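As a plain string of letters, each chain reads:
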There are 2 protein chains.
Amino acid sequence: MTVARIYLAGEWREPTGTKTFQAHNPQTGQVFGDEYPVSNWDEIDLALKSATKADAITRGWPGSRFAELLERYADVLDANADPICELANQETALPVTPRLKNGELPRTTNQLRLAAAEARTGAWALPTIDRENDIRSIYRSIGPVLAIGPNNFPLAYNGISGGDFAAVVAAGNPIIAKAHPAHPGTSRLMAELLQKVLQDLDFPAGFAQMLYDMHPADGLRMVRDPRIAAVGFTGSQRSGVAIKAAADACGKPVFLEMSSINPIFILPGALSGRFDEVVNDFLGSCLLGSGQFCTNPGLVILPPGADAARFVKVMQEKFAASTPAPLLAANVKEGMLMRFQQLLGTGAELLAGGKACAGDGYRVENTLFQVSAERFLATPEAFLEEVFGNSSLMVMTSSEDQYEAIAGCLNGQLTGCFYTTEQAADEALYRKLEPVVRRKVGRLLNNKMPTGVAVSPAMNHGGPFPATGHPGFTAVGFPASMRRFSMLACYDHVAPQHLPELLRD
Amino acid sequence: MTVARIYLAGEWREPTGTKTFQAHNPQTGQVFGDEYPVSNWDEIDLALKSATKADAITRGWPGSRFAELLERYADVLDANADPICELANQETALPVTPRLKNGELPRTTNQLRLAAAEARTGAWALPTIDRENDIRSIYRSIGPVLAIGPNNFPLAYNGISGGDFAAVVAAGNPIIAKAHPAHPGTSRLMAELLQKVLQDLDFPAGFAQMLYDMHPADGLRMVRDPRIAAVGFTGSQRSGVAIKAAADACGKPVFLEMSSINPIFILPGALSGRFDEVVNDFLGSCLLGSGQFCTNPGLVILPPGADAARFVKVMQEKFAASTPAPLLAANVKEGMLMRFQQLLGTGAELLAGGKACAGDGYRVENTLFQVSAERFLATPEAFLEEVFGNSSLMVMTSSEDQYEAIAGCLNGQLTGCFYTTEQAADEALYRKLEPVVRRKVGRLLNNKMPTGVAVSPAMNHGGPFPATGHPGFTAVGFPASMRRFSMLACYDHVAPQHLPELLRD
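Predicted, not measured: the structure shown is a model, and the values here were computed from it.

Trainee: I'm lost on helix α8 (residues 237-249) of chain B in this one. Help?
Mentor: Since one α-helical turn is 3.6 residues long, residues separated by three or four positions face the same way. The terminal C-alpha atoms of α8(B), which comprises 13 residues, lie 18 Å apart, in line with the 18 Å expected from a rise of 1.5 Å per residue. Taken as a whole, α8(B) has its buried residues at G240(B), I243(B), K244(B), A246(B), A247(B) and D248(B). Residues of α8(B) that are buried in the fold lie against α8 (237-249) of chain A together with β7 (145-148), α7 (216-224), β10 (230-234) and β11 (254-257) of chain B. Two residues or fewer past α8(B), G251(B) is found with a positive phi of approximately 65°.

Trainee: So what exactly am I meant to see when it comes to the packing of aromatic side chains here?
Mentor: For any pair of aromatic rings, the description rests on two quantities: the centre-to-centre distance and the angle between the ring planes. Residues and elements named next belong to chain A. Within the structure shown, the criterion is met by 43 aromatic pairs over all chains. Residues Y7 and W12 carry aromatic rings whose centres are separated by 5.2 Å and whose planes lie at 25° to one another, so their mutual orientation is stacked. The pair Y7 / W12 is uniform in exposure class, with both members buried. Geometry around W61 places R65 over its ring, the cationic atom sitting 3.5 Å from the centre.

Trainee: Just checking my understanding: could you explain the interface of chain B and chain A for this structure?
Mentor: In many reports, interface size means the accessible area that the parts give up when they come together. Taken residue by residue, the interface counts 62 residues in chain B and 62 residues in chain A. The junction of chain B with chain A conceals about 5100 Å² of combined surface from both sides, 53% of it contributed by carbon and sulfur atoms. Joining chain B to chain A, the criterion identifies six salt bridges. Between R443(A) and D492(B) there is a salt bridge; the shortest N-O distance is 2.6 Å. Applying the counting criterion to the chain B and chain A interface returns 36 residue pairs in polar contact (both at pLDDT 80 or more). Counting residues per element, the side of chain B that touches chain A draws most heavily on helix α15 (residues 424-438) of chain B, at seven residues.

Trainee: Sorry, what's going on with the packing of helix α2 (residues 63-79) of chain B against helix α5 (residues 163-170) of chain B here?
Mentor: In helix packing, the relevant descriptors are the interaxial angle and the interaxial distance, both defined with respect to the helix axes. Residues and elements named next belong to chain B. Remark: α2 packs on α5, axes separated minimally by 9 Å, with the N-to-C direction vectors making an angle of 150°. When the axis of α2 is compared with that of α5, the two are roughly antiparallel. Contact with α2, carried on its side by F66, L69, L70 and Y73, involves F165, A166, V169 and A170 of α5 and no other residues of that element. Looking at the contact of α2 with α5, its residues break down into eight nonpolar, no polar and no charged.

About the cut-offs
Residues numbered from 1 in each chain as written. Chains lettered and ligands numbered in written order. Predicted model: local features only at pLDDT ≥ 70, side-chain atom pairs only at ≥ 80, totals over all residues. Heavy atoms only, no water. Helix = DSSP H or I, 4+ residues; strand = E, 2+ residues; numbered from the N terminus. Expected span 1.5 Å × (residues − 1). Buried < 20%, exposed > 50% of the residue type's maximum accessible area, 1.4 Å probe, protein only. Contact = heavy atoms within 4.5 Å. Phe/Tyr/Trp six-rings, centres within 6.5 Å; stacked < 30°, edge-to-face > 60°. Lys NZ or Arg CZ within 6 Å of the ring centre and 35° of its normal. Buried area = accessible area lost by both parts, 1.4 Å probe. Salt bridge = Lys/Arg side-chain N within 4 Å of Asp/Glu carboxyl O. Polar contact = N/O pair within 3.5 Å; in protein donor to acceptor, adjacent residues only side chain to side chain. Axes fitted to C-alpha atoms, helices over the stretch in contact; angles between N-to-C directions. Parallel < 35°, antiparallel > 145°, perpendicular 65-115°, else oblique. Nonpolar A, V, L, I, M, F, W, Y, C, P; charged D, E, K, R; others polar.

So, in structure tokens, the structure goes:
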């Protein structure tokens, strides 16, 4: 058994620690391939030292150099689509087609190229010139960034290739990626490709580095270390809150995308008038990728009356008839089963699924719960915790007033959605609910499910706490996502030769 | 003795608590005028309830309504310049002319009008339309904001009239101002003028409210209260850090402007070649307003050699020859004397001043310390804490390398400044120091002192922690300062009639 080397300070180095782990095949539950190291503090310290040195060299570079890096990296990822997607499939069970090869990899390289285009023009940095006062300002690089990727997008959100990677590098910052331990081989393969590009373009050792895993205490120590200027994190609320507390205590910018139950308010007219559309939209959105999306519709508010009962019945049948895809990892399966027990303990009623599937690998039955609005409103916090996977909770209202009450007790969400018609009653209810929901969600949808986060300059993949750490920032979409990893730099009466090029007359 | 009423929920109400305080005349140290109430939680709770109600009404209003409020308020403040400035002078000892009437009040009303102009066009909100994907986004109001003003600008940073007030209201948010207890009468007078404008323009009760003071524990409870959407604070690092911790723990946006020592690096060529200019610039900047500015130059790094000794000698004479103006309050005086003792304990040498002035009122001698670079570098943290007032610390280097070492151990600052010439040696040293200092300061100056913060769209009155809580935001300058009190709101596939006007086709 080989222990994989680590990409630190420009080279693939033998690990110096003793702990290792292996990837699992979610189809079988069996480990396979190399052992990967859990880095000790010596390795982390080397990464921090090397990133600091790289930063001293690259912080004055023009955007075009970072653009070139991102574009060349996108090209080699595209050129190596087959091996990347095959390995990612083994490690995640996400299908090569259409998901990885036709969806996630093109999305990833598109992100890299969009970020490159912004880095090249510099428009993302909002250069502002006040000639009268001779004051100028611009957003500039902030320093080495720690980017911690999630389990559910091995390419598009990976710390070494995804949206945070693109934003960090395009803003001119060195990056230390923490790959997710659910897909170490995929991460290694991409880091190997990246290394060649970095060398070809004469980037200093330590501009981009990757750690496979570390002890959580070392991770928090890294967050607090003054050599890390900012942190990007996508993952669970539990980890995110701990990282946020560590960063906040030292006044360090931290951008987290943590969790969301993405409420879907189905208004009475819409349920009767667009019944089949609502059924198909919800089914596709909730079970896609076994529901392992941060925008999975985990809470559906249904109107009083017979249509809601019919909707639930149809969903029960469809959930039972649909074969669940494997989950990403054992802990996703365990997390679902634990949350099911908690929901049952609160008085929610199981309508479909609820158990692990028989056989090998990480599969849980497509699962549906229902709860009365009265029960929900009695202890809303019991129902506001995400179930990450192919599961959702229907809230059965008995009066329209309950819609407002439910909206009122939601916490911060990535998305919120209304299914409506143009009927006067729907319209009136929408106008009552929208202002309340608007303040609680980053993205508001109408007659459209929240899964599928377009990489658009108008996207907000963000929202109030606890969905993220700050409601003013988005993790997806250029140029806005780049400004997370920057600082506002003002020049007052500074000689022209000492100004950044974009601030000169 | 009358106990002043409090402007809560649209009316001037009798206080229900028992604690009160009075304003002091800093010239004499004597209290004068009414008693002002320290609000209890009942009053705070009423403010929170009323702000929430107002928010439900105003959150859909167009920007023009907030613009009108700000413009009308600016007009009545200008029309009442004499009584406002006279009262502010009694409470702060800041001179009516030129400071209050010719400087701070026009600055205040200019800020209100600039914010109004942004609110009217809506350009501040960065409306972004992606027609292809039918995704649109815009920055929108966030909800009721608590704005806590400092002691040193009774008008331009007052919670009921200053930069945060303008930004909060222009972004469409209700405001609860906490006036600083050093100038309660001035704050009351402006709130009275504001009330009339609010009534004339049919704003709901509770859109703008003002508390004179509260127990710190109630203040933190208010910060944590879910009815407060965001917090703006200008004041001491000690209070700011406590407020930040309370807000961070509930994931609430908080914008703090806390403290800064504003290092001035005087390069060797500049000290010899521009000696008189450096002397006059520093003297004016450091003693202006008794040094009670967040951008006061509190740390001066001097080159090796005879010019530095001469500079110190000239400064000793000029500091001693200049009559100190009164400080804002007794605790400013006490804070200075305490920090002087701390500095003496670290091995800094007193060059001028160092004692309270004889006679009545709050005056401290113009005070100058020096310390060797070796001593500074041995325990830099001992010298990085602000002395708020007419005092500064000269660091005497014995080699150019020490400039780099000093730059390297600075923490986050509002400003950093270089005095330079175009001589090759200065140029080379600038190029070595600038990248290090650039990352640590919000505003970088060259041959100009940091006091005097222009209200410019290119201004950054901000910087890395602990100068503020986040290096991406400015407290001064429109439109950027408005986006602090907003959230990013995305609309995905939302019907045109439900879109904000600026997002329609």
